[in-house]
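Examination of the molecular architecture
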Amino acid sequence: MTMSNTPMAANPLTRAVLEIDEYASGLGWDQPARLFALVDTVRLRTQEPALAAQLGLEDASATTGLTPIEQDEVPTDKALDEFLGTIAWPDAVVGCALTVERLMLPPSAEKQVPEGLSEARLASWVAQHPDRQEVRMTVAVLRDGSRDAAVRLREKDSPTEVLTGPDLVPGLAEALRATFAD
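What you are looking at is a predicted structure, and each value in this text was computed from that prediction instead of being measured. (Residues numbered from 1 in each chain as written. Predicted model: local features only at pLDDT ≥ 70, side-chain atom pairs only at ≥ 80, totals over all residues. Heavy atoms only, no water.)

1. Regarding the sheet that holds strand S6 (residues 163–165)
Each strand in a sheet pairs with another by means of backbone hydrogen bonds, the pair being arranged parallel or else antiparallel. Put simply, the test is: The criterion for strand pairing is that DSSP finds at least two bridges linking the strands in question. Secondary structure is summarised from DSSP: a helix means a run of H or I of at least four residues, a strand means a run of E of at least two, and numbering begins at the N terminus for each. For helices, the fitted line uses only the C-alpha atoms of the stretch in contact; every axis is such a line through C-alpha atoms, and the angle between N-to-C directions lies from 0 to 180 degrees.
With antiparallel pairing, the 6 strands of this open sheet are ordered in space as S2-S1-S3-S4-S5-S6. In the strand order of this sheet, the two ends are held by strand S2 (66–70) and S6, each with one partner. Across the sheet, the axes of successive neighbouring strands diverge by a mean angle of 20°, strand direction being ignored. Two strands pair when backbone bridges link them, and strand S1 (residues 34–40) and strand S3 (residues 93–104) are joined in this way by 6 bridges, in the antiparallel orientation. If you follow Val-39 over to S3, its bridge partner there is Val-93.

Rendered as structure tokens:
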């Protein structure tokens, strides 16, 4: 999945995150979570030339960095953390990424959260909060612990408004990192 509008980022992981964000953006909002394996593009081209050709990577200029490969659908009948706990990656996978939509509240709203709410009631409370923001988060991690993320607000749905950084969604990054634990 090579995207023509993805800016040249400082490192391959950031480029992969932005490629996945652009891909997800092209699908529109209200999408299910999507999981991606990240593979070394040079290794993919060498070891799996047919797959590389299918992904449009036969051109030598497209053989640096990481190639995101979308996995089967993320089940909707299981909590995301439970699902991530069932994943084991083969050695050829150097990292993984997940894109997911959520409602977020500003830090100032944390003081307003009623105590003792069940998960379902908390989700309902957040959904009705006037300061809620719909966001799409794309988080990626590598086996070595490197991580990066992109966050896009629905109300500012533009490639120039995407926030990036390794510490934007630390909990999800840790959950993805755990998929590589022995």
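2. Structural notes on helix H6 (residues 170–177)
Going by this rule: Only protein chains enter the accessibility calculation, which uses a 1.4 Å probe; a residue whose area is less than 20% of its type maximum is buried, one above 50% is exposed, and one in between is partly exposed. Working note: the arc is built from the helix axis to C-beta atom directions. Contact criterion: two residues are considered in contact whenever any of their non-hydrogen atoms come within 4.5 Å of each other.
Looking at H6, one finds that the buried residues are Leu-172, Ala-173 and Leu-176. Here the buried residues of H6 occupy an arc of 105° about the axis, which is enough to place them on one side. The secondary structure elements touched by the buried residues of H6 are S1, helix H4 (80–84), S3, strand S4 (133–142) and strand S5 (147–153).

3. Some words on the confidence of the model for the chain
Predicted coordinates in areas of low pLDDT are best not read in detail. Inclusion rule: Known as pLDDT, the predictor's confidence for each residue is given on a scale from 0 to 100.
Averaged over all residues, the pLDDT of the chain is 86; the fraction at 70 or higher stands at 91%. Contacts of residues 1–6 to residues separated by more than four positions or lying in other chains number 16 contacts, the stretch itself having pLDDT below 50.

4. Some points on the nonpolar core
We count it as follows: In this description, a nonpolar core means a group of buried Ala, Val, Leu, Ile, Met, Phe, Trp, Tyr and Cys residues linked to one another through side-chain atoms lying within 4.5 Å.
Judged by nonpolar contacts, the single largest core of 29 residues is most densely connected at Leu-35, Trp-89, Leu-98, Leu-172 and Leu-176. At the level of elements, S1, H4, S3, S4, S5 and H6 are the ones that each hand at least two residues to this core. Setting aside chain neighbours within four positions, we find Trp-89 in contact with Leu-35, Phe-36, Ala-37, Gln-71, Cys-96, Arg-143, Thr-179 and Phe-180. One finds Leu-13, Leu-38, Ala-140 and Leu-142 within the second-largest nonpolar core, a separate group that totals 13 residues.

5. Some points on unusual backbone geometry
Notably, Asp-30 is not glycine yet its phi reads approximately 65°, a positive angle. Along the chain, Asp-30 turns up in the loop between helix H1 (12–27) and S1. A relative accessible area of 56% places Asp-30 in the exposed class.

6. Focus: the pairing of S4
Within S4, 8 of the 10 residues are buried, which leaves the element mostly enclosed by the surrounding structure. Examined bridge by bridge, S4 and S5 share 7 bridges and lie antiparallel to one another. Bridging from a neighbouring strand, Thr-138 pairs with Ala-150 of S5.

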